[in-house]
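# Per-entry structural report
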Amino acid sequence: MSENEWSEWFDFNQELISRIPQVPGVYMMHKNMKILFIGGSENMKKSIEVDKSKECISKASRFRYKKDIDYEKSKNELIIDYKKRHEGKYPECMK
């Protein structure tokens, strides 16, 4: 997988989370095709490990990610795009 290329959607379980690279990037979690959370971090694997224990995010069924050195900018663009398509609202776990 190259820079700025999204992974496929993976089941949100410990085995697949353990395969996430420890690199900068952005990620999304969803349940029933509804985005719950959009995140970005210097270390995606570490951040997803922390996020999965949060009550709302723990309900996610799938996740995807992409390596991105400029993760903060990309995360903000993803959130802006989400809000444009959802009447100005944030994803459920970001309220």
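Everything here concerns the structure above.
Attention in this report is confined to the structure presented alongside it. Predicted, not measured: the structure shown is a model, and the values here were computed from it.

## Observations concerning the nonpolar core
- Core analysis: the biggest nonpolar cluster contains 24 residues, and F12, M29, I38 and F63 have the highest contact counts within it.
- Secondary-structure elements contributing two or more residues to this core are α1 (14-17), β2 (25-31), β3 (34-41), α2 (44-51), β4 (62-67) and α3 (71-85).
- When residues no more than four places from it in sequence are discounted, the contact partners of F63 are E8, W9, F10, D11, F12, L16, I17, I20, M28 and M29.

## Digging into the side chain of D68
- Examined against the element boundaries, D68 turns out to sit in the loop between β4 and α3.
- Notably, D68 is buried but unbridged: the nearest opposite-charge side chain belongs to K66, and the N-O separation is 4.3 Å.
- Reaching out from D68, the side chain makes a polar contact with the side chain of S74 at a distance of 2.3 Å.

## Describing the packing of aromatic side chains
- Evaluation of the coordinates by the stated rule reveals five aromatic pairs.
- An angle of 70° between the planes, with centres 6.0 Å apart, marks the rings of F12 and F63 as edge-to-face. One end of the pair, F12, is in the loop between β1 (10-11) and α1; the other, F63, is in strand β4, and 51 residues separate them in sequence. Assigned by exposure class, F12 and F63 land together as buried.
- Plain terms: the ring middles of F63 and Y65 are 6.4 Å apart, the flat faces sit at 20° to each other, and that makes the pair stacked.
- Of note, R64 hangs over the ring of W6, and the distance from its end group to the ring centre comes to 4.2 Å.

What counts and what doesn't
- Residues numbered from 1 in each chain as written.
- Predicted model: local features only at pLDDT ≥ 70, side-chain atom pairs only at ≥ 80, totals over all residues.
- Heavy atoms only, no water.
- Core = buried A, V, L, I, M, F, W, Y, C linked by side-chain atoms within 4.5 Å.
- Buried < 20%, exposed > 50% of the residue type's maximum accessible area, 1.4 Å probe, protein only.
- Helix = DSSP H or I, 4+ residues; strand = E, 2+ residues; numbered from the N terminus.
- Contact = heavy atoms within 4.5 Å.
- Lys, Arg positive; Asp, Glu negative; His and termini not counted.
- Salt bridge = Lys/Arg side-chain N within 4 Å of Asp/Glu carboxyl O.
- Polar contact = N/O pair within 3.5 Å; in protein donor to acceptor, adjacent residues only side chain to side chain.
- Phe/Tyr/Trp six-rings, centres within 6.5 Å; stacked < 30°, edge-to-face > 60°.
- Lys NZ or Arg CZ within 6 Å of the ring centre and 35° of its normal.

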